[in-house]
Amino acid sequence: EGWTAGGTLDFAGNKFTNFTANFITGYANFNNVKGNAHARFPKWSGSLNSAYTNSLNDTWDWFVRGDASYFGKTFVDVDNLAYCDAYWLTNARTGVEKEGVRVEFFIKNLLNDDSWSACSRFSEFDLPNDGATSTLYQSIIVAPQNKRQFGLKTAIKF
């Protein structure tokens, strides 16, 4: 009693069935991406959560909660030559609540995961080109995870 748990599991097994990507020929030496996965969509993702709540006294309850989310490997582009590794993020919170009032201490990114949260192909249009090879120079843009954060949150419902 007082304990809850939940989770999700997502599968997105996408593959190109017929796609000629002429914009990658200059650097990939091929343009047929049939069978490749779409960029920036993981095949697998999901989440887990668990919480426990109990009475502290006649008016207040206390709680503790943990969450973990998984984001699978994602390719940077349709060529499937580069990718971002899969990662897990965990969060935790604990606090007290009564009717209309909630005070909680939270920690986001509890384990201070430093995986890239997103990766994407980027065409370098500022480098010299002859117009026919405008996608020849490619980069990968990456976004870092937010570092571990902790704080105190208060909510009042009225």
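Just above, that's the structure.
Just so we're clear, the structure is a prediction, and the values are computed from it rather than from any experiment.

K.L.:
Please explain the layout of surface pockets as it appears in this structure.
P.N.:
Here the largest pocket is characterised by a volume of approximately 200 Å³. Forming the walls of the largest pocket are 13 residues, and the residues nearest its centre are Asn14, Lys15, Ala37, Lys43 and Phe75. Classifying every residue of the lining of the largest pocket gives five nonpolar, five polar and three charged.

K.L.:
Looking at this structure, how should I read the environment of Leu81?
P.N.:
Along the chain, Leu81 turns up in the loop between strand S4 (74-75) and strand S5 (83-84). For Leu81, a relative accessible area of 52% translates into the label exposed. Spatially, the C-alpha atoms of Leu81 and Arg93 are 39 Å apart, while their sequence positions differ by twelve residues. Apart from the residues lying within four places of it in its own chain, the contact partners of Leu81 are Ala28 and Phe30.

Rules behind the numbers
- Residues numbered from 1 in each chain as written.
- Predicted model: local features only at pLDDT ≥ 70, side-chain atom pairs only at ≥ 80, totals over all residues.
- Heavy atoms only, no water.
- 1 Å grid on protein atoms, 1.4 Å probe; cavity = no way out; pocket = protein on both sides within 12 Å on 5 of 7 lines; lining within 4 Å.
- Points joined across faces, edges and corners; volume = space filled by probe spheres on them.
- Nonpolar A, V, L, I, M, F, W, Y, C, P; charged D, E, K, R; others polar.
- Helix = DSSP H or I, 4+ residues; strand = E, 2+ residues; numbered from the N terminus.
- Buried < 20%, exposed > 50% of the residue type's maximum accessible area, 1.4 Å probe, protein only.
- Contact = heavy atoms within 4.5 Å.

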